[in-house]
Amino acid sequence: MKTLKAKINLLFLTLIGCSVLITGVFVALLLRDSYIDSLTTRLSKEGEMIARTIDWKQVNEDPTYLSKKTKIYDDTLDVRVAFVDANGRLMSDSSQTLNAHENQKKYPEIARALESKRVISFTQRRGNYIHAAFPLIHDGQVQGAFRLSLDLKEVNNTLVRVWYSLVGGLVVAFILAAFASSRIASSVAKPLEDITQIAVDITKKRFYRRVRDEGNDEVARLGQAINRMAYHLQKQMNTIRLSERRLVSVMESLESGLVMIDPSGKIVFANQSFKQMFGIQDHDLKKITYQEVTRPYDLRSLVELCKKKEQKIKKEIQIQHPTKRIYEVHLSPILEKEGISVVIALYDITAIRGLEQMRRDFVANVSHELKTPITSIRGFAETLLDGELEDVDTSREFLEIIYEESLRLQRLVADLLDLSRIESKKMDLTIEEIPVDDLIHSIVKTMEDQWKAKDQTVTITIESPFLVRVDVDSFRQILLNLLANAIAYTPEGGKIEVSASKKGENWLLLVKDTGIGIPLRDQARIFERFYRVDKDRSRASGGTGLGLAIVKHLVDIYKGKIEVQSEVGKGSAFYLTIPIHLKPDN
(Lines give C-alpha, C1' and ligand atoms only; values in the text may rest on other atoms or scores of the structure.)
Protein backbone atom coordinates (compact mmCIF):
# COMPACT_ATOMS: atom_id res chain seq x y z
CA MET A 1 0.00 0.00 0.00
CA LYS A 2 1.46 3.34 -1.06
CA THR A 3 1.78 5.96 1.62
CA LEU A 4 0.41 9.46 1.25
CA LYS A 5 3.95 10.80 1.01
CA ALA A 6 4.77 8.38 -1.81
CA LYS A 7 1.58 9.33 -3.64
CA ILE A 8 2.32 13.05 -3.30
CA ASN A 9 5.92 12.51 -4.42
CA LEU A 10 4.81 10.43 -7.39
CA LEU A 11 2.22 13.03 -8.37
CA PHE A 12 4.69 15.90 -8.04
CA LEU A 13 7.44 14.05 -9.91
CA THR A 14 5.04 13.09 -12.70
CA LEU A 15 3.78 16.64 -13.06
CA ILE A 16 7.27 18.12 -12.84
CA GLY A 17 8.72 15.52 -15.23
CA CYS A 18 5.99 16.12 -17.80
CA SER A 19 6.35 19.88 -17.41
CA VAL A 20 10.13 19.73 -17.72
CA LEU A 21 9.92 17.39 -20.74
CA ILE A 22 7.34 19.50 -22.57
CA THR A 23 9.21 22.68 -21.71
CA GLY A 24 12.51 21.19 -22.86
CA VAL A 25 11.09 20.00 -26.18
CA PHE A 26 9.35 23.29 -26.76
CA VAL A 27 12.45 25.33 -25.91
CA ALA A 28 14.67 23.09 -28.05
CA LEU A 29 12.41 23.38 -31.07
CA LEU A 30 12.05 27.10 -30.50
CA LEU A 31 15.82 27.51 -30.30
CA ARG A 32 16.33 25.41 -33.45
CA ASP A 33 13.76 27.35 -35.43
CA SER A 34 15.04 30.63 -34.09
CA TYR A 35 18.61 29.66 -34.96
CA ILE A 36 17.67 28.56 -38.46
CA ASP A 37 15.65 31.75 -38.97
CA SER A 38 18.65 33.74 -37.83
CA LEU A 39 20.88 31.90 -40.32
CA THR A 40 18.36 32.38 -43.10
CA THR A 41 18.21 36.11 -42.38
CA ARG A 42 22.01 36.19 -42.41
CA LEU A 43 22.10 34.44 -45.79
CA SER A 44 19.57 36.93 -47.15
CA LYS A 45 21.58 39.93 -46.07
CA GLU A 46 24.84 38.44 -47.27
CA GLY A 47 23.22 37.55 -50.59
CA GLU A 48 21.84 41.03 -51.11
CA MET A 49 25.27 42.46 -50.36
CA ILE A 50 26.87 40.12 -52.93
CA ALA A 51 24.20 40.95 -55.50
CA ARG A 52 24.94 44.65 -55.18
CA THR A 53 28.71 44.28 -55.26
CA ILE A 54 29.06 42.04 -58.34
CA ASP A 55 30.29 44.07 -61.32
CA TRP A 56 28.66 42.42 -64.34
CA LYS A 57 30.94 44.22 -66.79
CA GLN A 58 33.94 42.50 -65.32
CA VAL A 59 32.05 39.25 -65.57
CA ASN A 60 31.91 39.74 -69.33
CA GLU A 61 35.44 41.02 -69.55
CA ASP A 62 37.20 38.64 -67.15
CA PRO A 63 36.15 34.97 -67.36
CA THR A 64 37.89 34.28 -64.02
CA TYR A 65 36.13 37.04 -62.19
CA LEU A 66 33.27 34.89 -60.87
CA SER A 67 35.65 32.12 -59.89
CA LYS A 68 37.67 34.53 -57.82
CA LYS A 69 34.60 36.01 -56.20
CA THR A 70 33.23 32.55 -55.50
CA LYS A 71 36.45 31.59 -53.77
CA ILE A 72 36.44 34.80 -51.71
CA TYR A 73 32.82 34.44 -50.66
CA ASP A 74 33.24 30.77 -49.81
CA ASP A 75 36.24 31.46 -47.59
CA THR A 76 34.79 34.58 -46.00
CA LEU A 77 31.19 33.58 -45.45
CA ASP A 78 31.78 29.85 -44.92
CA VAL A 79 29.02 29.02 -47.40
CA ARG A 80 28.85 27.32 -50.79
CA VAL A 81 28.47 29.81 -53.65
CA ALA A 82 27.27 29.03 -57.15
CA PHE A 83 26.63 31.41 -60.12
CA VAL A 84 24.37 30.68 -63.08
CA ASP A 85 23.54 32.70 -66.19
CA ALA A 86 20.08 33.77 -67.29
CA ASN A 87 19.55 30.41 -68.95
CA GLY A 88 20.35 28.45 -65.81
CA ARG A 89 23.75 27.28 -66.96
CA LEU A 90 26.31 26.88 -64.17
CA MET A 91 29.00 29.52 -64.39
CA SER A 92 30.94 29.00 -61.12
CA ASP A 93 30.61 26.66 -58.06
CA SER A 94 32.76 26.90 -54.94
CA SER A 95 32.05 23.29 -53.92
CA GLN A 96 32.79 21.78 -57.37
CA THR A 97 29.95 19.31 -56.73
CA LEU A 98 27.36 20.63 -59.22
CA ASN A 99 27.03 19.16 -62.68
CA ALA A 100 28.13 21.88 -65.13
CA HIS A 101 25.99 20.44 -67.92
CA GLU A 102 22.88 20.32 -65.77
CA ASN A 103 20.39 23.17 -65.98
CA GLN A 104 20.15 24.75 -62.54
CA LYS A 105 16.62 25.93 -63.15
CA LYS A 106 15.46 22.61 -61.84
CA TYR A 107 16.08 24.00 -58.38
CA PRO A 108 13.04 26.05 -57.36
CA GLU A 109 14.94 28.80 -55.64
CA ILE A 110 17.13 29.45 -58.73
CA ALA A 111 14.18 29.30 -61.06
CA ARG A 112 12.31 31.85 -59.00
CA ALA A 113 15.38 34.09 -58.71
CA LEU A 114 15.82 34.15 -62.51
CA GLU A 115 12.23 35.17 -62.88
CA SER A 116 12.45 37.98 -60.31
CA LYS A 117 12.82 41.59 -61.40
CA ARG A 118 14.40 42.79 -58.17
CA VAL A 119 17.04 41.61 -55.79
CA ILE A 120 15.34 39.49 -53.26
CA SER A 121 16.13 36.29 -51.38
CA PHE A 122 14.50 33.02 -52.41
CA THR A 123 15.21 30.41 -49.75
CA GLN A 124 14.67 26.70 -49.84
CA ARG A 125 15.59 24.06 -47.28
CA ARG A 126 16.57 20.84 -48.89
CA GLY A 127 18.31 17.99 -47.27
CA ASN A 128 20.84 19.16 -44.81
CA TYR A 129 21.26 22.57 -46.47
CA ILE A 130 19.61 25.95 -46.53
CA HIS A 131 19.66 27.41 -50.03
CA ALA A 132 19.16 31.13 -50.71
CA ALA A 133 19.07 32.30 -54.38
CA PHE A 134 19.37 35.89 -55.61
CA PRO A 135 18.94 37.42 -59.09
CA LEU A 136 21.78 39.40 -60.73
CA ILE A 137 20.22 42.45 -62.43
CA HIS A 138 22.15 44.74 -64.70
CA ASP A 139 20.55 47.60 -66.57
CA GLY A 140 17.15 46.38 -65.48
CA GLN A 141 17.71 42.97 -67.00
CA VAL A 142 18.26 39.67 -65.14
CA GLN A 143 21.70 38.59 -66.26
CA GLY A 144 21.85 35.55 -64.03
CA ALA A 145 21.60 34.42 -60.42
CA PHE A 146 23.70 33.05 -57.62
CA ARG A 147 22.92 30.74 -54.70
CA LEU A 148 24.32 30.62 -51.22
CA SER A 149 24.09 27.18 -49.56
CA LEU A 150 24.69 26.78 -45.81
CA ASP A 151 25.48 23.31 -44.50
CA LEU A 152 23.34 22.60 -41.40
CA LYS A 153 25.76 20.01 -40.07
CA GLU A 154 27.52 22.58 -37.93
CA VAL A 155 24.16 24.02 -37.00
CA ASN A 156 22.99 20.59 -35.89
CA ASN A 157 26.20 20.08 -33.91
CA THR A 158 25.60 23.41 -32.24
CA LEU A 159 21.98 22.48 -31.55
CA VAL A 160 23.12 19.14 -30.06
CA ARG A 161 25.38 21.02 -27.69
CA VAL A 162 22.43 23.29 -26.89
CA TRP A 163 20.29 20.17 -26.34
CA TYR A 164 22.87 18.76 -23.94
CA SER A 165 23.02 22.01 -22.00
CA LEU A 166 19.25 22.22 -21.98
CA VAL A 167 18.85 18.61 -20.85
CA GLY A 168 21.46 19.11 -18.15
CA GLY A 169 19.69 22.22 -16.95
CA LEU A 170 16.34 20.45 -17.03
CA VAL A 171 17.74 17.46 -15.09
CA VAL A 172 19.11 19.81 -12.45
CA ALA A 173 15.78 21.61 -12.38
CA PHE A 174 13.99 18.26 -12.11
CA ILE A 175 16.21 17.19 -9.20
CA LEU A 176 15.67 20.47 -7.39
CA ALA A 177 11.95 20.28 -8.06
CA ALA A 178 11.89 16.66 -6.86
CA PHE A 179 13.70 17.67 -3.67
CA ALA A 180 11.29 20.55 -3.17
CA SER A 181 8.30 18.28 -3.82
CA SER A 182 9.68 15.74 -1.34
CA ARG A 183 9.99 18.43 1.29
CA ILE A 184 6.49 19.64 0.55
CA ALA A 185 5.14 16.09 0.64
CA SER A 186 6.91 15.48 3.94
CA SER A 187 5.57 18.71 5.40
CA VAL A 188 2.05 17.63 4.42
CA ALA A 189 2.32 13.89 5.08
CA LYS A 190 4.33 13.98 8.34
CA PRO A 191 1.61 15.69 10.40
CA LEU A 192 -0.97 13.36 8.85
CA GLU A 193 1.21 10.34 9.69
CA ASP A 194 1.53 11.60 13.26
CA ILE A 195 -2.23 12.15 13.46
CA THR A 196 -2.82 8.66 12.02
CA GLN A 197 -0.44 7.05 14.54
CA ILE A 198 -2.03 8.94 17.42
CA ALA A 199 -5.49 7.89 16.19
CA VAL A 200 -4.28 4.26 16.15
CA ASP A 201 -2.87 4.70 19.68
CA ILE A 202 -6.21 6.10 20.82
CA THR A 203 -7.94 2.98 19.48
CA LYS A 204 -5.50 1.02 21.69
CA LYS A 205 -6.70 3.02 24.75
CA ARG A 206 -3.63 5.28 24.88
CA PHE A 207 -5.77 8.35 25.42
CA TYR A 208 -2.87 10.42 26.76
CA ARG A 209 -1.37 10.82 23.25
CA ARG A 210 -1.71 14.30 21.71
CA VAL A 211 -1.00 15.90 18.33
CA ARG A 212 1.41 18.83 18.32
CA ASP A 213 -0.69 21.93 17.89
CA GLU A 214 1.19 24.08 15.34
CA GLY A 215 -0.19 26.48 12.76
CA ASN A 216 -3.75 27.22 11.76
CA ASP A 217 -4.14 25.31 8.51
CA GLU A 218 -6.46 22.41 7.79
CA VAL A 219 -4.01 19.80 9.12
CA ALA A 220 -3.52 21.78 12.34
CA ARG A 221 -7.28 22.06 12.79
CA LEU A 222 -7.57 18.30 12.22
CA GLY A 223 -4.93 17.74 14.92
CA GLN A 224 -6.83 20.03 17.28
CA ALA A 225 -10.01 18.04 16.63
CA ILE A 226 -8.13 14.78 17.33
CA ASN A 227 -6.79 16.25 20.60
CA ARG A 228 -10.27 17.32 21.68
CA MET A 229 -11.62 13.90 20.81
CA ALA A 230 -8.82 12.17 22.77
CA TYR A 231 -9.44 14.44 25.78
CA HIS A 232 -13.17 13.72 25.85
CA LEU A 233 -12.58 10.00 25.26
CA GLN A 234 -10.05 9.91 28.09
CA LYS A 235 -12.49 11.74 30.36
CA GLN A 236 -15.34 9.41 29.42
CA MET A 237 -13.16 6.31 29.82
CA ASN A 238 -12.00 7.51 33.25
CA THR A 239 -15.64 8.01 34.23
CA ILE A 240 -16.54 4.58 32.85
CA ARG A 241 -13.60 2.95 34.64
CA LEU A 242 -14.52 4.68 37.89
CA SER A 243 -18.14 3.56 37.52
CA GLU A 244 -16.96 0.06 36.62
CA ARG A 245 -14.66 -0.10 39.65
CA ARG A 246 -17.45 1.10 41.89
CA LEU A 247 -19.87 -1.40 40.39
CA VAL A 248 -17.37 -4.25 40.74
CA SER A 249 -16.62 -3.16 44.32
CA VAL A 250 -20.32 -3.15 45.14
CA MET A 251 -20.83 -6.55 43.52
CA GLU A 252 -17.74 -7.98 45.20
CA SER A 253 -18.85 -6.69 48.60
CA LEU A 254 -22.26 -8.32 48.31
CA GLU A 255 -22.78 -11.20 50.68
CA SER A 256 -25.07 -12.69 48.07
CA GLY A 257 -23.52 -14.73 45.29
CA LEU A 258 -23.57 -13.08 41.86
CA VAL A 259 -22.52 -14.65 38.54
CA MET A 260 -23.00 -13.77 34.87
CA ILE A 261 -22.98 -16.33 32.06
CA ASP A 262 -22.53 -15.21 28.43
CA PRO A 263 -24.42 -16.71 25.46
CA SER A 264 -21.61 -19.26 24.88
CA GLY A 265 -21.99 -20.58 28.43
CA LYS A 266 -18.75 -19.11 29.83
CA ILE A 267 -18.70 -17.52 33.27
CA VAL A 268 -17.68 -13.91 32.58
CA PHE A 269 -18.08 -12.64 36.14
CA ALA A 270 -18.47 -14.14 39.59
CA ASN A 271 -18.07 -12.33 42.89
CA GLN A 272 -16.20 -13.67 45.88
CA SER A 273 -19.37 -14.86 47.61
CA PHE A 274 -20.25 -17.10 44.67
CA LYS A 275 -16.70 -18.45 44.47
CA GLN A 276 -16.80 -19.32 48.16
CA MET A 277 -20.22 -20.94 47.82
CA PHE A 278 -19.12 -23.18 44.95
CA GLY A 279 -15.44 -23.54 45.83
CA ILE A 280 -14.16 -21.93 42.59
CA GLN A 281 -10.66 -20.44 42.46
CA ASP A 282 -9.93 -17.21 40.55
CA HIS A 283 -7.57 -18.93 38.11
CA ASP A 284 -10.15 -21.63 37.36
CA LEU A 285 -12.94 -19.19 36.59
CA LYS A 286 -11.69 -18.35 33.10
CA LYS A 287 -11.38 -22.00 32.15
CA ILE A 288 -14.85 -23.31 32.94
CA THR A 289 -18.43 -22.97 31.73
CA TYR A 290 -21.56 -23.18 33.79
CA GLN A 291 -22.01 -26.82 32.65
CA GLU A 292 -18.90 -27.70 34.66
CA VAL A 293 -20.23 -26.15 37.88
CA THR A 294 -22.05 -29.21 39.23
CA ARG A 295 -20.89 -29.21 42.84
CA PRO A 296 -22.09 -28.52 45.44
CA TYR A 297 -25.18 -27.81 43.29
CA ASP A 298 -25.90 -28.35 39.61
CA LEU A 299 -27.05 -25.08 38.04
CA ARG A 300 -27.37 -26.44 34.49
CA SER A 301 -31.09 -27.21 34.59
CA LEU A 302 -31.96 -23.79 36.01
CA VAL A 303 -29.81 -21.90 33.47
CA GLU A 304 -31.20 -23.90 30.54
CA LEU A 305 -34.77 -23.40 31.77
CA CYS A 306 -34.19 -19.64 32.08
CA LYS A 307 -32.80 -19.48 28.53
CA LYS A 308 -35.64 -21.57 27.19
CA LYS A 309 -38.44 -19.57 28.82
CA GLU A 310 -36.62 -16.21 28.43
CA GLN A 311 -38.11 -15.06 31.71
CA LYS A 312 -37.03 -14.64 35.31
CA ILE A 313 -36.91 -17.72 37.53
CA LYS A 314 -36.83 -17.92 41.33
CA LYS A 315 -36.13 -21.11 43.23
CA GLU A 316 -35.02 -22.17 46.69
CA ILE A 317 -32.18 -24.69 46.82
CA GLN A 318 -30.24 -26.49 49.54
CA ILE A 319 -26.49 -27.10 49.54
CA GLN A 320 -25.21 -29.75 51.92
CA HIS A 321 -21.45 -29.23 51.49
CA PRO A 322 -19.45 -28.18 53.45
CA THR A 323 -22.39 -27.29 55.70
CA LYS A 324 -26.09 -27.21 55.07
CA ARG A 325 -27.07 -23.90 53.56
CA ILE A 326 -30.32 -22.67 52.02
CA TYR A 327 -30.19 -20.26 49.06
CA GLU A 328 -32.84 -18.38 47.14
CA VAL A 329 -31.72 -18.36 43.49
CA HIS A 330 -32.86 -15.64 41.06
CA LEU A 331 -32.08 -16.11 37.35
CA SER A 332 -32.63 -13.23 34.91
CA PRO A 333 -32.15 -13.56 31.11
CA ILE A 334 -30.47 -10.79 29.10
CA LEU A 335 -31.19 -10.79 25.36
CA GLU A 336 -28.13 -10.01 23.23
CA LYS A 337 -27.25 -10.25 19.53
CA GLU A 338 -25.11 -13.32 20.14
CA GLY A 339 -27.78 -15.07 22.19
CA ILE A 340 -29.06 -15.05 25.75
CA SER A 341 -26.91 -14.23 28.75
CA VAL A 342 -28.03 -15.15 32.25
CA VAL A 343 -27.41 -13.32 35.55
CA ILE A 344 -27.69 -15.50 38.65
CA ALA A 345 -28.07 -14.09 42.17
CA LEU A 346 -27.93 -16.41 45.19
CA TYR A 347 -29.23 -15.08 48.50
CA ASP A 348 -28.27 -16.96 51.64
CA ILE A 349 -31.55 -17.36 53.54
CA THR A 350 -30.25 -19.98 55.94
CA ALA A 351 -30.48 -17.53 58.85
CA ILE A 352 -33.98 -16.46 57.82
CA ARG A 353 -35.19 -20.03 57.56
CA GLY A 354 -33.45 -20.75 60.88
CA LEU A 355 -35.22 -17.81 62.50
CA GLU A 356 -38.52 -18.96 61.05
CA GLN A 357 -37.90 -22.46 62.42
CA MET A 358 -36.79 -20.97 65.73
CA ARG A 359 -39.99 -18.94 65.85
CA ARG A 360 -42.07 -22.02 65.16
CA ASP A 361 -40.14 -23.97 67.80
CA PHE A 362 -40.48 -21.09 70.23
CA VAL A 363 -44.22 -20.88 69.74
CA ALA A 364 -44.50 -24.64 70.08
CA ASN A 365 -42.29 -24.70 73.20
CA VAL A 366 -44.05 -21.76 74.84
CA SER A 367 -47.38 -23.33 74.04
CA HIS A 368 -46.20 -26.61 75.51
CA GLU A 369 -44.70 -24.99 78.61
CA LEU A 370 -47.85 -22.98 79.24
CA LYS A 371 -50.15 -25.86 78.48
CA THR A 372 -48.83 -28.11 81.28
CA PRO A 373 -49.38 -25.73 84.25
CA ILE A 374 -52.58 -24.35 82.81
CA THR A 375 -53.92 -27.88 82.35
CA SER A 376 -52.96 -28.76 85.93
CA ILE A 377 -54.55 -25.60 87.31
CA ARG A 378 -57.71 -26.14 85.30
CA GLY A 379 -57.93 -29.83 86.23
CA PHE A 380 -57.56 -29.29 89.97
CA ALA A 381 -59.88 -26.27 89.89
CA GLU A 382 -62.58 -28.33 88.14
CA THR A 383 -62.11 -31.11 90.70
CA LEU A 384 -62.59 -28.66 93.55
CA LEU A 385 -65.68 -27.22 91.88
CA ASP A 386 -67.13 -30.71 91.51
CA GLY A 387 -67.36 -31.17 95.32
CA GLU A 388 -63.90 -31.73 96.74
CA LEU A 389 -64.11 -28.45 98.68
CA GLU A 390 -65.79 -30.28 101.56
CA ASP A 391 -62.68 -32.40 102.11
CA VAL A 392 -60.32 -29.93 103.77
CA ASP A 393 -57.15 -31.98 103.35
CA THR A 394 -57.81 -32.71 99.70
CA SER A 395 -58.76 -29.11 99.03
CA ARG A 396 -55.55 -27.86 100.65
CA GLU A 397 -53.43 -30.30 98.62
CA PHE A 398 -55.09 -29.20 95.37
CA LEU A 399 -54.73 -25.53 96.22
CA GLU A 400 -51.02 -25.98 96.95
CA ILE A 401 -50.58 -27.65 93.56
CA ILE A 402 -52.48 -24.80 91.91
CA TYR A 403 -50.25 -22.34 93.76
CA GLU A 404 -47.05 -24.11 92.67
CA GLU A 405 -48.20 -24.19 89.04
CA SER A 406 -49.07 -20.50 89.17
CA LEU A 407 -45.60 -19.75 90.54
CA ARG A 408 -44.17 -21.80 87.69
CA LEU A 409 -46.24 -19.75 85.23
CA GLN A 410 -44.99 -16.58 86.88
CA ARG A 411 -41.35 -17.69 86.57
CA LEU A 412 -41.90 -18.67 82.95
CA VAL A 413 -43.43 -15.30 82.06
CA ALA A 414 -40.71 -13.46 83.99
CA ASP A 415 -37.95 -15.37 82.18
CA LEU A 416 -39.61 -14.72 78.83
CA LEU A 417 -39.80 -11.00 79.61
CA ASP A 418 -36.17 -10.98 80.76
CA LEU A 419 -35.01 -12.81 77.65
CA SER A 420 -37.00 -10.50 75.41
CA ARG A 421 -35.54 -7.42 77.11
CA ILE A 422 -31.99 -8.81 76.89
CA GLU A 423 -32.29 -9.74 73.19
CA SER A 424 -33.73 -6.32 72.33
CA LYS A 425 -30.83 -4.69 74.23
CA LYS A 426 -33.21 -2.46 76.14
CA MET A 427 -31.65 -3.22 79.50
CA ASP A 428 -30.45 -0.31 81.58
CA LEU A 429 -27.10 -1.41 82.96
CA THR A 430 -25.37 0.39 85.78
CA ILE A 431 -21.68 -0.44 85.63
CA GLU A 432 -19.83 -0.23 88.92
CA GLU A 433 -16.58 -1.47 90.38
CA ILE A 434 -17.07 -4.03 93.11
CA PRO A 435 -14.81 -6.59 94.85
CA VAL A 436 -15.37 -9.94 93.22
CA ASP A 437 -15.41 -11.84 96.55
CA ASP A 438 -18.18 -9.67 97.99
CA LEU A 439 -20.20 -10.05 94.79
CA ILE A 440 -19.98 -13.86 94.66
CA HIS A 441 -20.55 -14.41 98.40
CA SER A 442 -23.68 -12.27 98.41
CA ILE A 443 -25.16 -14.13 95.45
CA VAL A 444 -24.31 -17.61 96.81
CA LYS A 445 -25.80 -16.60 100.16
CA THR A 446 -29.22 -16.09 98.55
CA MET A 447 -29.23 -19.75 97.40
CA GLU A 448 -28.16 -21.17 100.76
CA ASP A 449 -31.55 -22.58 101.71
CA GLN A 450 -31.82 -24.49 98.45
CA TRP A 451 -28.45 -26.24 98.52
CA LYS A 452 -28.68 -26.93 102.23
CA ALA A 453 -32.11 -28.52 101.69
CA LYS A 454 -30.36 -31.12 99.50
CA ASP A 455 -27.45 -31.47 101.91
CA GLN A 456 -25.04 -30.14 99.25
CA THR A 457 -21.72 -28.43 99.83
CA VAL A 458 -20.86 -25.13 98.07
CA THR A 459 -17.23 -24.05 98.00
CA ILE A 460 -16.13 -20.54 97.00
CA THR A 461 -12.51 -20.12 95.85
CA ILE A 462 -10.97 -16.76 94.99
CA GLU A 463 -7.21 -16.72 94.34
CA SER A 464 -6.73 -13.07 95.32
CA PRO A 465 -9.31 -10.33 95.73
CA PHE A 466 -9.68 -7.96 92.77
CA LEU A 467 -12.17 -5.46 91.47
CA VAL A 468 -14.51 -6.13 88.54
CA ARG A 469 -16.71 -3.79 86.50
CA VAL A 470 -20.21 -5.28 86.20
CA ASP A 471 -23.87 -4.48 86.47
CA VAL A 472 -24.71 -6.19 89.75
CA ASP A 473 -28.30 -7.13 88.85
CA SER A 474 -27.43 -8.72 85.47
CA PHE A 475 -24.41 -10.55 86.88
CA ARG A 476 -26.54 -11.80 89.80
CA GLN A 477 -28.95 -13.24 87.21
CA ILE A 478 -26.05 -15.05 85.47
CA LEU A 479 -24.68 -16.64 88.62
CA LEU A 480 -28.11 -17.47 90.08
CA ASN A 481 -29.12 -19.36 86.93
CA LEU A 482 -25.87 -21.33 86.91
CA LEU A 483 -26.19 -22.14 90.64
CA ALA A 484 -29.86 -23.07 90.22
CA ASN A 485 -28.96 -25.56 87.48
CA ALA A 486 -26.06 -26.95 89.53
CA ILE A 487 -28.32 -27.44 92.60
CA ALA A 488 -31.14 -28.93 90.52
CA TYR A 489 -29.02 -31.49 88.64
CA THR A 490 -26.68 -32.45 91.49
CA PRO A 491 -27.86 -35.31 93.76
CA GLU A 492 -28.22 -34.89 97.53
CA GLY A 493 -24.89 -34.74 99.27
CA GLY A 494 -23.16 -33.50 96.10
CA LYS A 495 -20.58 -30.75 95.80
CA ILE A 496 -20.70 -27.41 93.99
CA GLU A 497 -17.64 -25.22 93.43
CA VAL A 498 -17.64 -21.51 92.55
CA SER A 499 -14.25 -19.94 91.81
CA ALA A 500 -12.95 -16.66 90.34
CA SER A 501 -9.51 -15.67 89.09
CA LYS A 502 -7.83 -12.92 87.12
CA LYS A 503 -6.13 -13.66 83.82
CA GLY A 504 -4.63 -10.73 81.92
CA GLU A 505 -7.36 -8.31 80.79
CA ASN A 506 -10.08 -10.83 81.67
CA TRP A 507 -11.38 -12.51 84.74
CA LEU A 508 -12.64 -16.08 84.88
CA LEU A 509 -15.69 -17.49 86.72
CA LEU A 510 -16.13 -21.24 87.19
CA VAL A 511 -19.27 -23.00 88.37
CA LYS A 512 -18.63 -26.71 88.78
CA ASP A 513 -20.79 -29.50 90.17
CA THR A 514 -20.75 -33.26 90.71
CA GLY A 515 -24.19 -33.74 89.15
CA ILE A 516 -25.59 -36.04 86.48
CA GLY A 517 -23.61 -34.42 83.67
CA ILE A 518 -24.60 -33.52 80.12
CA PRO A 519 -24.24 -35.93 77.17
CA LEU A 520 -21.81 -34.76 74.50
CA ARG A 521 -24.53 -34.71 71.83
CA ASP A 522 -26.57 -32.19 73.87
CA GLN A 523 -23.78 -29.84 74.92
CA ALA A 524 -23.99 -27.70 71.75
CA ARG A 525 -27.74 -27.05 72.27
CA ILE A 526 -28.06 -26.44 75.99
CA PHE A 527 -28.01 -22.64 75.44
CA GLU A 528 -31.08 -22.79 73.19
CA ARG A 529 -34.39 -21.65 74.57
CA PHE A 530 -36.54 -24.41 76.13
CA TYR A 531 -33.95 -27.05 75.37
CA ARG A 532 -33.77 -29.66 78.14
CA VAL A 533 -31.46 -32.64 78.47
CA ASP A 534 -33.77 -34.40 80.94
CA LYS A 535 -37.24 -32.94 80.42
CA ASP A 536 -38.93 -34.73 83.34
CA ARG A 537 -36.23 -33.77 85.86
CA SER A 538 -36.20 -30.18 84.58
CA ARG A 539 -39.93 -29.69 84.98
CA ALA A 540 -39.89 -31.43 88.37
CA SER A 541 -37.26 -28.95 89.53
CA GLY A 542 -39.47 -26.08 88.47
CA GLY A 543 -37.14 -24.89 85.72
CA THR A 544 -38.44 -22.96 82.71
CA GLY A 545 -35.81 -24.06 80.16
CA LEU A 546 -34.73 -20.45 79.62
CA GLY A 547 -32.01 -20.06 82.27
CA LEU A 548 -28.96 -20.92 80.19
CA ALA A 549 -30.34 -18.96 77.21
CA ILE A 550 -30.53 -15.89 79.46
CA VAL A 551 -27.00 -16.55 80.73
CA LYS A 552 -25.64 -16.81 77.17
CA HIS A 553 -27.23 -13.52 76.06
CA LEU A 554 -26.00 -11.66 79.17
CA VAL A 555 -22.45 -12.94 78.67
CA ASP A 556 -22.58 -11.74 75.06
CA ILE A 557 -23.60 -8.29 76.29
CA TYR A 558 -20.44 -8.29 78.43
CA LYS A 559 -18.38 -9.22 75.33
CA GLY A 560 -17.42 -12.41 77.10
CA LYS A 561 -17.78 -16.08 76.32
CA ILE A 562 -19.13 -19.15 78.07
CA GLU A 563 -17.98 -22.75 77.63
CA VAL A 564 -19.12 -26.04 79.11
CA GLN A 565 -17.25 -29.22 79.92
CA SER A 566 -19.26 -32.16 81.14
CA GLU A 567 -19.19 -35.91 81.48
CA VAL A 568 -22.25 -38.03 82.17
CA GLY A 569 -22.29 -39.24 85.78
CA LYS A 570 -19.38 -37.06 86.87
CA GLY A 571 -20.75 -33.54 86.67
CA SER A 572 -20.51 -30.34 84.65
CA ALA A 573 -18.29 -27.25 84.63
CA PHE A 574 -19.27 -23.84 83.17
CA TYR A 575 -16.37 -21.47 82.35
CA LEU A 576 -17.11 -17.76 81.92
CA THR A 577 -14.52 -15.30 80.55
CA ILE A 578 -15.42 -11.61 81.04
CA PRO A 579 -13.26 -8.51 80.31
CA ILE A 580 -12.27 -6.52 83.39
CA HIS A 581 -12.20 -3.04 81.85
CA LEU A 582 -14.27 -3.23 78.68
CA LYS A 583 -17.70 -1.70 78.76
CA PRO A 584 -20.53 -4.10 77.87
CA ASP A 585 -22.78 -3.69 74.83
CA ASN A 586 -25.71 -1.87 76.39
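The rules behind each value
- Residues numbered from 1 in each chain as written.
- Predicted model: local features only at pLDDT ≥ 70, side-chain atom pairs only at ≥ 80, totals over all residues.
- Heavy atoms only, no water.
- Salt bridge = Lys/Arg side-chain N within 4 Å of Asp/Glu carboxyl O.
- Helix = DSSP H or I, 4+ residues; strand = E, 2+ residues; numbered from the N terminus.
- Buried < 20%, exposed > 50% of the residue type's maximum accessible area, 1.4 Å probe, protein only.
- Pairing = 2+ DSSP bridges.
- Axes fitted to C-alpha atoms, helices over the stretch in contact; angles between N-to-C directions.
- Contact = heavy atoms within 4.5 Å.
- Patch = residues over 30% accessible without salt bridge, like charges linked within 9 Å, V, L, I, M, F, W, Y side chains within 5 Å.
- Areas by Shrake-Rupley, 256 points an atom, 1.4 Å probe, with all protein chains shown as cover.
- Lys, Arg positive; Asp, Glu negative; His and termini not counted.
- Charge placed at Lys NZ, Arg CZ, Asp CG, Glu CD.

On to the pattern of salt bridges, then. Throughout the structure, instances matching the rule amount to 13 salt bridges. Here Glu356 ties to Arg353 by a salt bridge, and the two come within 3.3 Å at their closest N and O atoms. With a gap of three residues between them, Glu356 and Arg353 both fall in helix α10 (residues 350-385), about one helical turn apart. By relative accessible area, Glu356 is classed as partly exposed at 25%. Look at Arg353 and you get partly exposed, because its relative accessible area is 25%. Here the salt bridges share partners, and the residues they tie into one network are Glu316, Arg353 and Glu356.

Looking now at the sheet that holds strand β12 (residues 457-462). Reading across the sheet, the five strands line up as β12-β14-β15-β17-β16 and stay open at both edges, with mixed pairing between neighbours. What marks the edges here is a single partner per strand, and that holds for β12 and β16 (561-567). Strand-to-strand twist in this sheet, taken as the mean axis angle between neighbours without regard to direction, amounts to 10 degrees. Looking at chain direction, strand β15 (residues 506-513) and strand β17 (residues 571-579) are connected through seven bridges and run antiparallel. Note on β17: the bridge partner recorded for Asn506 is Pro579. Most of the contacts of helix α12 (residues 436-446) go to β12, to which it runs at about 170 degrees, and overall it touches β12, β14 (495-503) and β15. Against the sheet, helix α16 (residues 547-557) contacts β16 and β17, and its axis sits at roughly 140 degrees relative to β16.

This part covers a positive patch on the surface. A cluster of like positive charges, contributed by Lys205, Arg241, Arg245 and Arg246, occupies part of the molecular surface. As for its placement among the helices and strands, Arg241 is situated in helix α6 (residues 218-253). Its relative accessible area of 30% is what places Arg241 among the partly exposed residues.

In short, geometric facts, not functional conclusions.
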